[in-house]
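# Architecture and fold: a report
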Amino acid sequence: MSAPARGTAWLRQLSLRTRITMVTAAVVAVTLVVGGLLIVAALRKELVNTADDAGTVRARAVADLAATSELTNPLPVDDPETFVEVVQDGRIVAATEGIPPQNVFDLPAQEPRSATTYELQELPVDEPGPYRVAARGVQTPDGPMTVYVAVSIEDAVDMLSAATEIGAIGVVGLVTVLAIVSWFAIGRTLAPVDAIRARADSISGESLSSRVPEPVQDDEIGRLARTVNRMLSRLEDSSERQRRFVADAAHELRTPVASLRAQLETATTRPGGSADEGELLKDTMRMQAIVDQLLLLARADSGRPWIRAAKVDLDDVIDTAVTSVGRRDGVRVDAASVRPVQVVGDPDLLEQVFSNLLQNALRYADTTVRVSGGREDGVAVMVVEDDGRGVPSDRRAEIFERFFRLDESRDRDDGGLGLGLAIVAEIVGAHHGIVRVGDSDLGGARFDVELPVENDA
């Protein structure tokens, strides 16, 4: 990641409301500061020009007196903060009161009829600066002289400083108020967006009938909400058509497959039954299992209640599953560690869970399948494990997906249907439980099923 990207990463983590408020406050603050500085600069220029005009007028008047030898010492002045010197060859010829004879302004002499204006921070007088000094050269009967008129702009500078401080306080206060008002105004504006986000976040494949709230305003947010709802309607229709197709197809297949199985079972029991009929029966039984599992998944996807809840002795369900599941030669099923525990659920579906887990364990076990569990910490925990090759850690998140097979060869006899563990996850989830896969101390896979227990009361 580059340095600029790292520097702005924190900004991207802020909410839209915060970013808009920050940008608005920053733009207004910059605008006010720049505008205030321009106003202060314009006001200072106006005050300085006024002081320059006063100094120029006074310098011209004193120069006229000097040109006619009518100078008096000290020179009369109406403003106590204005100081005048008439200087010739580095000495004061005449000056206003308060200027000692040796305090000559350290400024260059001016040629007759020439004029220049200076700004000095201080002068050798009692009053503090800064000053604007108008210098004017004049030809007198006694020779060329320079008239200096110093006008104090201390009051103007103090006024501008006070105005700047007041303006800065005003800018801070105004930006703060604006930020607070913007925060609440933007929050109210974005509240429908947050409501849409919260509702959309809660919508899943099982709740496509839900809709996001639509604001009454026909603005961008209102149009967004209506567009999202139209999209959800299309998704709901598509999902419903897909579920209906799967359910109808599986239901229509169920009867002919069952009939075919019955005929093949009858044929294989007659004298002279061929091996081909036995293979056809195996394929038919496999097809029937697929149809039954597709029907079960279609029920789970329908969005309608599909659990018939009742009090269930989970240990009895496991005993039935252990008894009914097909066995493999050389593989032992140990269910001695199952302790009695009662849950609320559908007994047929819970039996399906443990039948699928046992079939999966028997498929991969080398010699042993172990079933154990009971009540632990307020929940029913049942464990099915084997001593086979286990489930790679990088594929454990996939094995509960539909039609996923761990066997790359997809062998029909050993690879399974790819639906058994998906059905386990659906049924356990519908019972508000959890199923996890891990490593068994037998060396193979371990499946933990946690289900809420029936209250003792």
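Within each chain, residue numbers correspond to sequence positions counted from 1 in written order. With pLDDT at 70 or above as the cut-off, local features in this predicted model cover only qualifying residues; side-chain atom pairs require 80 or more to be listed or tallied, and sums for whole chains, interfaces and linings still use all residues. In computing side-chain properties, one takes all heavy atoms of the structure into account and sets aside hydrogens as well as water.

## Remarks on the overall build of the protein chain
Counting secondary structure elements, the protein chain contains 8 helices and 12 strands. Here a residue-residue contact requires only that any non-hydrogen atoms of the pair lie within 4.5 Å. Contacts spanning at least 24 positions in sequence make up 60% of the contacts within the protein chain whose residues lie at least 6 apart. Computed with the Shrake-Rupley method and a 1.4 Å probe, the accessible areas treat only the protein chains shown as cover for residues. For the protein chain, the accessible surface area stands at approximately 26300 Å², while carbon and sulfur atoms represent 55% of it. Helix and strand definitions follow DSSP, with helices as H or I runs of at least four residues and strands as E runs of at least two, each counted in order from the N terminus.

## Things to note about the packing of helix α7 (residues 347-364) against helix α8 (residues 420-430)
Every axis in this analysis is a line fitted to C-alpha atoms, fitted for helices over the stretch in contact. Angles between the N-to-C directions lie between 0 and 180 degrees. Where α7 contacts α8, the axes come no closer than 9 Å and their chain directions differ by 145°. The way α7 lies across α8 gives a crossing that is left-handed. The residues of α8 that touch α7, namely those facing L349, Q352, V353, N356, L357 and N360, are G420, L421, I423, V424, I427 and V428. Under the convention adopted here, Pro, Cys and the residues Ala, Val, Leu, Ile, Met, Phe, Trp and Tyr are nonpolar, Asp, Glu, Lys and Arg are charged, and Gly plus all remaining residues are polar. Residue composition of the contact of α7 with α8, by class: 8 nonpolar, 4 polar and no charged. Here is the rule for handedness: rotate from the far helix to the near one, and if that takes an anticlockwise turn smaller than a right angle the crossing is left-handed, while a clockwise turn gives right-handed.

## Observations regarding unusual backbone geometry
Backbone torsion omega between N73 and P74 reads 10°, so that peptide bond is classified as cis. Summarising the element assignment, P74 is placed in the loop between α2 (16-67) and β1 (82-88). A positive phi angle, close to 60°, is found at S69, a residue other than glycine. Phi at H432 takes a positive value of approximately 60°, unusual for a residue other than glycine. Looking at where H432 falls in the secondary structure, it is placed in the loop between α8 and β11 (434-439).

## Points about a negative patch on the surface
By definition, no residue in a patch forms a salt bridge, and every one has over 30% relative accessible area; like charges are joined within 9 Å, nonpolar side chains (Val, Leu, Ile, Met, Phe, Trp, Tyr) within 5 Å. The working definition used for a salt bridge is a side-chain nitrogen of Lys or Arg within 4 Å of a carboxyl oxygen of Asp or Glu. Charged residues are defined here as Lys and Arg on the positive side and Asp and Glu on the negative side; His and the ends of the chain fall outside this count. Charged side chains are reduced to one point each, which is NZ for Lys, CZ for Arg, CG for Asp and CD for Glu. Judged by side-chain charge, D78, D79, D155 and D158 come together as a negatively charged surface patch. Here D79 is to be found in the loop between α2 and β1.

## Things to note about the nonpolar core
In terms of nonpolar packing, the biggest core is built from 44 residues, with L314, F354, L357, L358 and V369 touching the most fellow members. Of all the secondary-structure elements, those providing two or more residues to this core are α6 (314-324), β7 (332-338), α7, β9 (368-376), β10 (379-386), α8, β11 and β12 (445-452). With 8 residues, α7 is the single largest residue contributor to this core. Residues contacting L314, with those up to four places away along its chain left out, are V341, V343, L350, F354, A380, M382 and L451. Here, the term nonpolar core denotes a set of buried Ala, Val, Leu, Ile, Met, Phe, Trp, Tyr and Cys residues that are joined through side-chain atoms within 4.5 Å. For every residue, the accessible area obtained with a 1.4 Å probe (protein chains only) is divided by the maximum for its type, and the residue is called buried under 20%, exposed over 50%, and partly exposed between those limits. V48, A66, A134 and M145 belong to the second-largest nonpolar core, a separate cluster that totals 18 residues.

## Details of the sheet that holds β11
Strand order across the open sheet formed by 5 strands is β7-β9-β10-β12-β11, with mixed pairing between neighbours. Every other strand in the sheet has two partners, leaving β7 and β11 as the edge strands with one partner each. In this sheet, adjacent strand axes meet at a mean angle of 15° when their direction is disregarded. Each of β7, β9, β10 and β12 touches α6; the most contacted strand, β7, lies at about 170° to it. One requirement defines pairing of two strands: DSSP has to find at least two bridges between them.

## Some words on the packing of α2 against helix α3 (residues 154-202)
In the contact formed by α2 and α3, the axes pass within 9 Å of each other and the chain directions differ by 160°. Regarding the angle of α2 to α3, the classification is roughly antiparallel. Judged by the sense of rotation from one axis to the other, the crossing of α2 with α3 is right-handed. With respect to orientation, any angle under 35 degrees is reported as roughly parallel, any angle over 145 as roughly antiparallel, any angle of 65 to 115 as roughly perpendicular, and every other angle as oblique.

## Some remarks on α3
Any helix carries an expected span of 1.5 Å times its number of residues minus one. With 49 residues, α3 extends 69 Å between its outermost C-alpha atoms, agreeing within 8% with the 72 Å of an ideal straight helix rising 1.5 Å per residue. What is called the bend at a residue is the angle between a pair of axes, fitted to the seven residues leading up to and ending at it and to the seven starting from it. Residue L190 marks the point of greatest curvature in α3, where the axis turns by about 40°; the proline P192 follows within four residues. Among the residues of α3, those classed as buried are E154, A156, L160, V171, V175, S182, I186, G187 and I196.

## What about the confidence of the model for the protein chain?
Parts of the model with low pLDDT should not have their predicted coordinates read in detail. Every residue carries a pLDDT, the predictor's confidence in it, which falls somewhere between 0 and 100. Per-residue confidence for the protein chain gives a mean pLDDT of 83; residues scoring 70 or more make up 83%. Taken as a whole, residues 409-413 scores under 50 in pLDDT and shows 7 contacts with residues more than four places along the chain or in a different chain.

## Here we look at the pattern of salt bridges
Applying the stated criterion across every chain yields a total of 16 salt bridges. With a closest N to O distance of 4.0 Å, R223 and E220 form a salt bridge. Of this pair, R223 and E220 both sit in helix α4 (residues 220-269), 3 residues apart, which is roughly one turn of the helix. Within the structure, one salt-bridge network assembled from shared partners comprises R44, D52, E119 and R132.

## Digging into the environment of L357
Mapped onto the elements, L357 comes out in helix α7. Separated by 63 residues in the primary sequence, L357 and G420 place their C-alpha atoms 7.8 Å from one another. The residues contacting L357, other than those within four sequence positions of it, are V384, L421, V424, F447 and V449.

## Describing the environment of V312
Among the secondary structure elements, V312 is positioned in strand β6 (residues 310-313). Overall, the relative accessible area of 4% leaves V312 in the buried class. Placed 30 residues apart in sequence, V312 and Q342 show a C-alpha to C-alpha distance of 5.5 Å. Apart from the residues within four sequence positions on either side, V312 is in contact with V317, V341, Q342, V343, G345, P347 and L350.

## Observations concerning α2
Look at α2: 75 Å from first C-alpha to last across 52 residues, which is about the 76 Å you get at 1.5 Å a residue. Lining the buried residues of α2 we find β1, β3 (115-120), β4 (131-140), β5 (143-152) and α3. Looking one or two residues past α2, S69 carries a phi angle of roughly 60°, positive in sign.

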